[in-house]
Amino acid sequence: MAPNVTCPGPMKATSNGAFQHDNPLDFALPLAILQICLVLVVTRCLAFVLKPLRQPRVIAEIVGGILLGPSALGRNKSYLKAVFPPRSLTVLDTLANIGLLFFLFLAGLELNFKTLQRTGKTALSIAIAGISVPFALGIGSAFALRATIAEDANAAAFFVFMGVALSITAFPVLARILAELKLLTTDIGKMAMSAAAVNDVAAWILLALAVALSGHNVSHIVPLWVFLCGCGFVICASLFVSPIFKWMSRRCQEGEPVSETYICATLAAVLAAAFVTDTIGIHAMFGAFVLGVLVPKEGPFAGALVEKVEDLVSGLFLPLYFVSSGLKTNVATIRGVQSWGLLVLVICTACLGKIVGTFTVAKLWKMPTAEAVALGFLMNSKGLVELIVLNIGKDRKVLNDQTFAIMVLMALFTTFITTPVVMAVYKPAKRTKKIDYKHRTIERKNANTQLRLLACFHSARNIPSMINLFEASRGTDKHESLCVYAMHLMELSERSSAIQMVQKARRNGLPFWNKGHSSGGNHIVVAFEAFQQLSKVSVRSMTSISSLSDMHEDICGTAERKKAAIIILPFHKHQRLDGSLETTRAEFRGVNSRALEHASCSVGILVDRGLGGNAHVSASNVSYQIVVLFLGGHDDHEALAYGTRMAEHPGIKLTVVRFLVEPKTVGERVQIEEESNPGGNAVSADEDVLADIKDRVSEDDSVNYEERAVGSSNEVIAAIRAYSRCNLFLVGRMPDGEIALALNERIEYPELGPVGSLLTSPDLSTTASVLVVQQYNEKAPADE
């Protein structure tokens, strides 16, 4: 007779508190809060540790789940019983699956069938090989596993699950790896993304088949009914739900908030679809994914859905799914030579199928060997979809504990090696040659040649002043046209919206061009297009998506490709209402510093205090006072050249202020500094550029030249204060001469230099914007 077993009762939701002798960990809500906080802390810490290795966050989440489970911390039974007791796992799994539903809804939003229809023959053949070869090898490895450690598994379901698990390519993970490695614009990046998108669709179809086969079927006809009903659901959703989504999307106007009714109705429809597919017998996530695919990708509706859902789901609920998987993963079940041998077999089979299959087809299409190998490893990356397959197999008793642990470790290993291997075998940087072009500075012998300018911005806050700067820079009709490239700098993040931007980049190149009607949804691009129509300036807007650590590479590389004479970067601080400067993001300062160091043209940093106000000022209404503070040196020459060009605009008055030293006042210190700064070449060059300005003063009443004799840094400040009511200061970043040396001790921001730092300090009150210019100076002698 079986012994009596007392099952623990369900957990109550909330406790009465510790003062009434209730242990919070015995109640569902406080325990769930503790579990969520623990998961977030562990996964985020691991993501931070793995970031220098350029690993995607999914690696940290998988490893975090394993560490919190029985493989590591869970070996302490007291911890496991207190933090993850069996009674709490139902609540944890429910929350995790709700997060999974909405994440897969977002995944469906990312999938664009119009893009799939444009997939070329090469990408399609690579995708087919990348699915069929690993699927076949997966079935082969399933025979070995079933003969040893999975003897009780349902044969048909086990074979299909193993085939699907080995043939999957994680599309979101692959997109982030490509973006991190700057491979999106390369042929290999475009090929990998196209093939992975096809692979993604095929994986979902195969997974639906695997789920249909994995039920506890009394009759063999049940899987057929499940599969047919699933197909019926897709057809009905396409016929009846898709038109409703299109109607909602049409009623959402650009620039207006999306109705809350539409958002709530869509989220409710996601849950209803999940309920239907769960009732049919395929997993609830399929319903959510199908509805995501049916939502129109054009217009603000899809973007609003992503914005409302993604942070809560990706940041809070989805990590619970990884810990739920980790609690089912016990590495200790892999014991003995046989088990570890099977792990090696599965890893080798997974790598062999994907890499060899992809490599072979790529070589048949005459792809270079290094690219073909890299493409094979890229297609071998796994991720969340892999875990979904394995968890469904585990829940449906197709995979036992040992097989599940082996497959999770395989997914972890294949994804972990992707980035370092691709970096080792494929280095597109080696193929890029320095482009030879003449005008890398604004200062040039023929001032009437075209000026190419790359203006970078982080948000819409930078736009009005940037456009007014373009207007001031266009000179007169005697010049060849001003050509402006306006680049929106976006940080590559783990958000789904970032992946949508990555997909746009894949279609259009990175940085990608906003052309025609596709740009209509972007109010920033609309502003540039309006300016282009009102002026004779060619403005091309683009977007760069990269991590902050290597954003400067996009900036400098784009400037090189577009043959820009100067890069304009926004200062890392913006003006508050009270006039003081507030840090926007401290990381932007590092981006600017690295751009100054690596740029192969001149660079300007704009300290924006509202040049021209908060709107575009038309040409006829421009009325600016621009002051060039001239101390001497190459950077000041560049600032003067830029100011001279601006002075040709009929609405601009230019004042050039040259600072001279009073030897009698400064005394011995100047003599020492003059000895440390010998050579008349620099002084001679200063005199040459200023001679042109002096000649122009007599001919042009819009240009004024003044000289100020100063004997100390305080006198410099006092002299500059007299011009504080101007609209824009133009200064060199690192001027030469004794006065510059005297100001060096006041440098707060090295990227702005002594004069730029002075103009942004609280000591000097001004409402003028400041453009700090560094002239490109190639070390090799060249007559540019």
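Use the structure listed above.
Below or above, wherever it landed, is the structure these notes cover. If you're wondering where the values come from, they're calculated on a predicted model, not measured in any experiment.

A word on the packing of helix 9 (residues 187-213) against helix 10 (residues 222-251)
One way to put it is that helix 9 packs onto helix 10 with a least axis distance of 8 Å and a crossing angle of 145°. The handedness of the crossing between helix 9 and helix 10 comes out as right-handed. Contact with helix 9, carried on its side by Leu 209, Ala 212 and Leu 213, involves Pro 223, Val 226 and Phe 227 of helix 10 and no other residues of that element. Of the residues contributing to the contact of helix 9 with helix 10, the split by class is six nonpolar, no polar and no charged.

Description of a nonpolar patch on the surface
A contiguous nonpolar patch, built from Ile 221, Val 222, Leu 224, Trp 225 and Leu 228 and spanning about 480 Å² of accessible area, is present on the exposed surface. When you line up the elements, Leu 228 lands in helix 10. You can call Leu 228 partly exposed: its relative accessible area is 46%.

Some remarks on helix 16 (residues 384-395)
Along its 12 residues, helix 16 runs 16 Å from first to last C-alpha, staying within 8% of the 16 Å computed at 1.5 Å per residue. Extensive coverage of helix 16 is indicated by the burial of 11 of its 12 residues. For helix 16, every residue scored as buried is listed here: Leu 384, Val 385, Glu 386, Leu 387, Ile 388, Val 389, Leu 390, Asn 391, Ile 392, Gly 393 and Lys 394. Residue Lys 397 follows helix 16 closely and has a positive phi angle near 65°.

Details of the packing of helix 6 (residues 121-148) against helix 9
Pairs of packed helices are described in terms of their axes, by the angle between the two and the distance that separates them. Here helix 6 crosses helix 9 at 45°, and the two axes come no closer than 8 Å. Classified by the interaxial angle, the pair formed by helix 6 and helix 9 is oblique. Note on packing geometry: the crossing formed by helix 6 with helix 9 is right-handed. Two secondary-structure elements touch here, helix 6 through Thr 122, Ala 123, Leu 124, Ile 126, Ala 127, Gly 130, Ile 131 and Phe 135 and helix 9 through Met 191, Ser 194, Ala 195, Val 198, Asn 199, Ala 202 and Leu 206.

Re the side chain of Thr 419
Along the chain, the position of Thr 419 falls in helix 17 (residues 401-425). The exposure class assigned to Thr 419 is buried, which follows from its relative accessible area of 1%. If sequence neighbours within four positions are ignored, Thr 419 has contacts with Leu 53, Arg 54, Gln 55, Ile 177 and Leu 181.

Quick look at the environment of Asp 395
With respect to the helices and strands, Asp 395 occurs in helix 16. Looking at Asp 395, the relative accessible area reads 47%, which means it is partly exposed. Counting along the chain gives 67 residues from Asp 395 to Lys 328, while the straight-line C-alpha distance between them is 9.7 Å. Here Lys 328 takes part through its side chain, which lies 3.1 Å from a polar atom of the side chain of Asp 395.

As for the pairing of strand 12 (residues 728-732)
For strand 12, a buried count of five out of five residues is recorded, marking the element as mostly surrounded by other parts of the structure. Bridge count for strand 9 (residues 624-630) against strand 12 is four bridges, and the pairing is parallel. Looking at strand 12, one finds that Val 627 is bridged to Phe 729. In terms of strand pairing, strand 12 meets strand 13 (residues 769-774) through five bridges, oriented parallel. Residue Gly 732 lies in a different strand from strand 13, and its bridge partner there is Val 773.

Concerning the nonpolar core
Core analysis: the largest hydrophobic core is formed by 155 residues, its most contacted members being Phe 158, Leu 207, Met 285 and Ile 388. Ranked by residue count, the leading element in this core is helix 9, at 18 residues. Non-local contacts of Leu 207, meaning those with residues more than four positions away in its chain, are made with Phe 161, Val 164, Met 285, Phe 286, Ile 388, Val 389 and Ile 392. Ala 599, Phe 659, Val 710 and Ala 740 belong to the second largest nonpolar core, which has 52 residues in total.

What about the packing of aromatic side chains?
Applying the stated criterion to the full structure yields seven aromatic pairs. When the ring of Tyr 79 is compared with that of Phe 84, the centres are 6.2 Å apart and the planes differ by 75°; the resulting orientation is edge-to-face. Overall, Tyr 79 belongs to the buried group, its relative accessible area being 16%. For Phe 84, a relative accessible area of 3% corresponds to the buried category. On the basis of an interplanar angle of 85° and a centroid distance of 6.0 Å, the ring pair of Trp 204 and Phe 286 is categorised as edge-to-face.

Conventions we followed
Residues numbered from 1 in each chain as written. Predicted model: local features only at pLDDT ≥ 70, side-chain atom pairs only at ≥ 80, totals over all residues. Heavy atoms only, no water. Axes fitted to C-alpha atoms, helices over the stretch in contact; angles between N-to-C directions. Helix = DSSP H or I, 4+ residues; strand = E, 2+ residues; numbered from the N terminus. Left-handed = near helix turned anticlockwise from the far one by under 90°. Contact = heavy atoms within 4.5 Å. Nonpolar A, V, L, I, M, F, W, Y, C, P; charged D, E, K, R; others polar. Patch = residues over 30% accessible without salt bridge, like charges linked within 9 Å, V, L, I, M, F, W, Y side chains within 5 Å. Areas by Shrake-Rupley, 256 points an atom, 1.4 Å probe, with all protein chains shown as cover. Salt bridge = Lys/Arg side-chain N within 4 Å of Asp/Glu carboxyl O. Buried < 20%, exposed > 50% of the residue type's maximum accessible area, 1.4 Å probe, protein only. Expected span 1.5 Å × (residues − 1). Parallel < 35°, antiparallel > 145°, perpendicular 65-115°, else oblique. Polar contact = N/O pair within 3.5 Å; in protein donor to acceptor, adjacent residues only side chain to side chain. Pairing = 2+ DSSP bridges. Core = buried A, V, L, I, M, F, W, Y, C linked by side-chain atoms within 4.5 Å. Phe/Tyr/Trp six-rings, centres within 6.5 Å; stacked < 30°, edge-to-face > 60°.

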